[in-house]
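Structural features, examined
Letter by letter, the chains look like this.
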Amino acid sequence: MTKLLVFPHSHFCEKARWALDYKGTPYKAQAVIPGLHLKTIPKIAPGSSVPVLIHDNGDIVQGSSEIIDYLDIHYPDNPLTPSSEAGRDACQQIERTMDEALGVNIRCILYSALLNYPDFIRQCFTHAMPFYKKPFFRPIAPVLRKKIYQVYVGSPEKVARAKMIFDAAMHDMAKRIEGKPYLVGDSFSRADLSAAAMLSLLTLPPEHPFPWGQIPDPDATAFCEHYRDHPVSQWVNRIYREHRWPINVK
Ligand SMILES: N[C@@H](CCC(=O)N[C@@H](CS)C(=O)NCC(=O)O)C(=O)O
């Protein structure tokens, strides 16, 4: 069966999972053990990041945007990429900018607060992992915490900068969607899916398959709360409500 290798809580993995669900392609999402993934993933793909799609026909695709490209070629029903060249270019530009300005920065901001909660982080990485794999997480957790801080957070100055860029990107998004239901053209596309997936960590829409539960950190909660009534947050929730079907929890 086709498999999607993921970190279950990752917004880039949610983007790929959503695309697969949207296409109605049968697949199984499989949580990889963080840390060990640095050895296992590069054996099958060029880099170490997830998501990675392992198709049951043998094809392997790494990267959320590349997975959407692949799915649109092999499963043309429910297209996510517009058919016009202008639409395709617009999607590509939005997807790149939003993955970076929204996705990368919100990861930095939230990890900076949530890395202080080992139980929460363990749930993020091990949710839906088979029981025999879960014990691998505990011994690597302290090293992983340091590594995640180094790679995705960096320093308080970097977090402050991430907050500024994120806020500017939210402002830019608000302008793009003003008076329009979708980012590109008149219908749902990969641009909407990508932006909404990147911001799912901000609004935690109920249609998102990960069971977030209570966010344990007051700064992280305050950050999300600050944007609760923002037009972009409302847009994300609507996009999830109307287009996130059917769901695959694992
Ligand atoms: N551009 C990539 C980014 C994916 C990404 O940043 N994945 C992170 C998890 S959110 C990851 O796998 N990090 C571990 C690593 O790179 O080794 C995509 O769109 O798939």
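From a predicted model like this one, the values you see are computed outputs, not experimental measurements.

Some words on the overall build of the protein
- Each helix and strand in the protein was counted, giving ten helices and four strands.
- Ordered by position from the N terminus, the helices and strands of the protein form the series β-α-β-α-β-β-α-α-α-α-α-α-α-α.
- The C-alpha radius of gyration computed for the protein amounts to 17 Å, which stays within 12% of the reference 18 Å derived for 250 residues, consistent with globular compactness.
- Dimensions of the protein along its principal axes, counting C-alpha atoms only, are 50 × 45 × 30 Å.
- Burial statistics for the protein: of 250 residues in total, 51% are counted as buried.
- Expressed as a percentage of contacts within the protein between residues at least 6 apart in sequence, the contacts between residues at least 24 apart total 75%.

So, the site of the ligand
- In the vicinity of the ligand, 13 residues are found, and the nearest of them are H37, S48, V50, S64 and Y152.
- At a separation of 2.6 Å, an oxygen atom of the ligand approaches a polar side-chain atom of S48.
- Contact between the ligand and V50: an oxygen atom at 2.8 Å from a main-chain N or O atom of the residue.
- When the ligand is considered free in solution it has 510 Å² of accessible area, and contact with the protein chains removes 77% of it.

So, the pairing of strand β2 (residues 28-31)
- The two faces of β2 differ: A29 and A31 on one face are buried, but K28 and Q30 on the other face are not.
- With four bridges connecting them, strand β1 (residues 3-6) and β2 associate as parallel partners. Residue V6 lies in a different strand from β2, and its bridge partner there is A31.
- Assessed by its sense of winding, the connection that carries the chain from β1 through helix α1 (residues 11-23) to β2 is right-handed.

What about the domain arrangement of the protein?
- Domain annotation of the protein identifies domain 1 (3-74) and domain 2 (85-243).
- Each partner contributes residues to the interface: domain 1 has 22 residues there, and domain 2 has 32 residues.
- For the pair domain 1 and domain 2, the summed buried surface comes to about 2,300 Å²; carbon and sulfur atoms form 70% of the total.
- When residues of domain 1 are sorted by the area they lose upon contact with domain 2, H9, H11 and W18 head the list and together hold 34% of the total.

The rules we used
- Residues numbered from 1 in each chain as written.
- Predicted model: local features only at pLDDT ≥ 70, side-chain atom pairs only at ≥ 80, totals over all residues.
- Heavy atoms only, no water.
- Helix = DSSP H or I, 4+ residues; strand = E, 2+ residues; numbered from the N terminus.
- Rg over C-alpha atoms; globule rule 2.2 N^0.38 Å.
- Buried < 20%, exposed > 50% of the residue type's maximum accessible area, 1.4 Å probe, protein only.
- Contact = heavy atoms within 4.5 Å.
- Near = heavy atom within 4 Å.
- Polar contact = N/O pair within 3.5 Å; in protein donor to acceptor, adjacent residues only side chain to side chain.
- Areas by Shrake-Rupley, 256 points an atom, 1.4 Å probe, with all protein chains shown as cover.
- Pairing = 2+ DSSP bridges.
- Right-handed = clockwise from strand over helix to strand, strands pointing away.
- Domains from an automatic or database assignment.
- Buried area = accessible area lost by both parts, 1.4 Å probe.

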